[in-house]
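Single-letter residue listing:
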Protein chains: 2
Amino acid sequence: MTKPPTRIQTRNRAAILSAGLDVFSQFGFRGATLDQIADAAGLSKPNLLYYFPSKESIHTALLERLLDTWLDPLKALDGTGDPVQEIIAYAQRKLTLSRDYPRESRLWANEILQGAPRIEDTLRTDLKTLVDEKAAIIKAWANDGKIADVDPHHLIFSIWAFTQHYADFDVQVRAVLGEKAPYDGASVFLDTLYAKLLQP
Amino acid sequence: MTKPPTRIQTRNRAAILSAGLDVFSQFGFRGATLDQIADAAGLSKPNLLYYFPSKESIHTALLERLLDTWLDPLKALDGTGDPVQEIIAYAQRKLTLSRDYPRESRLWANEILQGAPRIEDTLRTDLKTLVDEKAAIIKAWANDGKIADVDPHHLIFSIWAFTQHYADFDVQVRAVLGEKAPYDGASVFLDTLYAKLLQP
DNA sequence: GTCTATAAGTCGATAGAC
DNA sequence: GTCTATCGACTTATAGAC
């Protein structure tokens, strides 16, 4: 029988994961240190290693938790809905995710940039399957003349690229925009971009 | 008087910069080690430090060299040319850059992801100035009715995001596409995307 | 707190090019 | 023979883990 976690365990595990997200998303796996994470979590390093047996295990826990969050917006793309609206709504969901979970976006970006050593298999299986499935839906819409005929894979890449840019390149976006807030303008632009692109 | 570099110096400095690009672009500044770089350059660590006084100095040299390469395509955007063609040509130049210099793109991405500690000032000055200047040109085109009226800053962001995605997220792109080559499809998609968006 | 590995950077000595 | 280039061994600090 596994014992239910105590309140202290629940709190500390959550603190470690949040601290790990802070540090891993900024420095990548190799650049992050347990000292930084322990510090950010308000725990001693030995205490941190009482909850997670290794640096790797914290990172893995974060990536696993992230995967669902990250794929959910695409899973929700509905083949029976209005084509243009469905795609734009997906892109807007993704932009909201970037705004509300920028650390998660950067964790993902770091992992991919470094060659995705820990999730390459998942990319080739789960992610590819999901994307191919949704790409088929988009292709069918194009064939029915409901949207313009564009390559569905590159359409999806463009949505990922554009929306995640605002989280991953946040510093650069803000440096260029100055005082102007990024996300309102991005949302309007995104609407226009895909409405015009997809118009049959 | 500074002496001209010997052939050995030229060769070794080039080897170190190339090796540094390999390692920094994959692991980020903190994740990279001098041993890795020395190994990749075919030199001993002391010998490497004979040419560059520190890890930091290699990284700085790479970023400085990169900056021009990175901004040149935007500088070439010509206010007297045909508006739609100019913008699409800029995007295509940027895509070519991603294809031919993926390590440079990832070095940049790593630096920004980590909060751009070494280039934040450059972003706020040189980059912002350049972008604002080109954004003004694009805005003027829109006011003259030569292109559709879209936010020029977000237009530029979208070009950066989409084109750099193929270098920075290379592993993910290839995992999803399988055997299909990325860049041909990306180039076609990009043409369609901006032609439709900018059509007045 | 301790242990062990690995990191960045130094030093002194020497091999090799011109 | 002198200056350039190289390297093994070392120091100090910091890393992950117990």
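Residues numbered from 1 in each chain as written. Chains lettered and ligands numbered in written order. Predicted model: local features only at pLDDT ≥ 70, side-chain atom pairs only at ≥ 80, totals over all residues. Heavy atoms only, no water.

## Points about the overall build of chain A
Stage number 1. Across its full length, chain A holds 10 helices and zero strands.
Stage number 2. In chain A, the succession of α and β elements from N to C terminus is α-α-α-α-α-α-α-α-α-α.
Stage number 3. Seen along its three principal axes, the alpha-carbon backbone of chain A occupies a region of about 60 × 50 × 30 Å.
Stage number 4. For chain A, with 200 residues in total, the buried portion stands at 53%.
Stage number 5. In chain A, the share of contacts with a sequence separation of at least 24, taken over all contacts with a separation of at least 6, comes to 69%.
Stage number 6. In the form shown here, chain A has an accessible surface area of approximately 8,900 Å², with 52% of it arising from carbon and sulfur atoms.
Stage number 7. Positive and negative charge centroids in chain A, built from 23 and 26 side chains respectively, lie 6 Å apart. (Helix = DSSP H or I, 4+ residues; strand = E, 2+ residues; numbered from the N terminus. Buried < 20%, exposed > 50% of the residue type's maximum accessible area, 1.4 Å probe, protein only. Contact = heavy atoms within 4.5 Å. Areas by Shrake-Rupley, 256 points an atom, 1.4 Å probe, with all protein chains shown as cover. Lys, Arg positive; Asp, Glu negative; His and termini not counted. Charge placed at Lys NZ, Arg CZ, Asp CG, Glu CD.)

## As for the relation of the copies chain A and chain B
Stage number 1. Superposing chain A onto chain B takes a rotation of 180° plus a shift of 0.0 Å along the axis, which leaves an RMSD of 0.0 Å. Both copies of the chain, as the preceding transformation shows, are related through a two-fold rotation axis. Taking the C-alpha atom as reference, chain A places Gly31(A) closest to the rotation axis, 2.1 Å from it.
Stage number 2. Both copies contact each other with a shared surface, as 100% of the interface residues of chain A are interface residues in chain B too. (Least-squares fit on C-alpha atoms with pLDDT ≥ 70 in both.)

## Points about the pattern of salt bridges
Stage number 1. Summed over all chains, the structure comprises 20 salt bridges over all chains.
Stage number 2. As a salt-bridge pair, Asp35(A) and Lys45(A) come within 3.7 Å of each other at their nearest N and O atoms. Of this pair, Asp35(A) sits in helix α2 (residues 34–41) while Lys45(A) sits in helix α3 (residues 45–51); the two residues are 10 residues apart in sequence, bridging distant segments of the chain.
Stage number 3. By relative accessible area, which is 48% here, Asp35(A) ends up partly exposed.
Stage number 4. Arg118(B) is paired through a salt bridge with Glu111(B); the nearest N and O atoms lie 3.6 Å apart. (Salt bridge = Lys/Arg side-chain N within 4 Å of Asp/Glu carboxyl O.)

## Details of the interface of chain A and chain B
Stage number 1. The partner chain B presents 57 residues to the 57 residues of chain A that form the contact.
Stage number 2. Surface buried jointly by chain A and chain B totals about 5,000 Å² across both partners, of which 67% is contributed by carbon and sulfur atoms.
Stage number 3. Applying the counting rule to chain A against chain B returns two salt bridges.
Stage number 4. The closest approach of N and O atoms between Lys180(A) and Asp151(B), which form a salt bridge, is 3.6 Å. (Buried area = accessible area lost by both parts, 1.4 Å probe.)

## Thoughts on the protein's contact with DNA strand C
Stage number 1. Surrounding DNA strand C, one finds Pro46(A), Arg7(B), Ala32(B), Thr33(B), Leu34(B), Asp35(B), Lys45(B), Pro46(B), Leu49(B), Ser54(B) and Lys55(B).
Stage number 2. When the atoms of DNA strand C within 4 Å of the protein are sorted by group, sugar and phosphate make up 52%.
Stage number 3. Note that a phosphate oxygen of DNA strand C is positioned 2.9 Å from one of the backbone N or O atoms of Leu34(B).
Stage number 4. In the environment of DNA strand C, a phosphate oxygen lies 2.9 Å from a nitrogen or oxygen atom belonging to the backbone of Lys55(B). (Near = heavy atom within 4 Å. Polar contact = N/O pair within 3.5 Å; in protein donor to acceptor, adjacent residues only side chain to side chain.)

## Focus: the side chain of Gln164(B)
Stage number 1. In this structure, Gln164(B) sits in helix α8 (residues 152–168).
Stage number 2. Among all residues touching Gln164(B), those that are not within four sequence positions of it are Phe169(A), Trp70(B), Lys94(B), Ser98(B) and Ser105(B).

## Digging into the domain arrangement of chain A
All names here are of chain A.
Stage number 1. Segmenting chain A into domains produces domain 1 (1–53) and domain 2 (63–198).
Stage number 2. Contacts between the two partners involve 10 residues from domain 1 and, on the opposite side, eight residues from domain 2.
Stage number 3. Broken down residue by residue, the surface that domain 1 buries against domain 2 is led by Leu21, Ser25 and Phe29, which jointly contribute 60%.
Stage number 4. The tally of links between domain 1 and domain 2 comes to one salt bridge.
Stage number 5. Along the contact surface separating domain 1 from domain 2 lie three residue pairs in polar contact (both at pLDDT 80 or more). (Domains from an automatic or database assignment.)

## Describing the packing of helix α8 (residues 152–168) of chain A against helix α9 (residues 170–177) of chain B
Stage number 1. Put simply, α8(A) and α9(B) touch, their axes get as near as 11 Å, and they point 155° apart. The angle between α8(A) and α9(B) falls in the class roughly antiparallel. The handedness of the crossing between α8(A) and α9(B) is right-handed. Only Gln172(B), Val173(B), Val176(B) and Leu177(B) of α9(B) make contact with α8(A), whose side of the interface consists of His153(A), His154(A), Phe157(A) and Trp160(A).
Stage number 2. Taken together, the residues of the contact of α8(A) with α9(B) sort by class into five nonpolar, three polar and no charged. (Axes fitted to C-alpha atoms, helices over the stretch in contact; angles between N-to-C directions. Parallel < 35°, antiparallel > 145°, perpendicular 65-115°, else oblique. Left-handed = near helix turned anticlockwise from the far one by under 90°. Nonpolar A, V, L, I, M, F, W, Y, C, P; charged D, E, K, R; others polar.)

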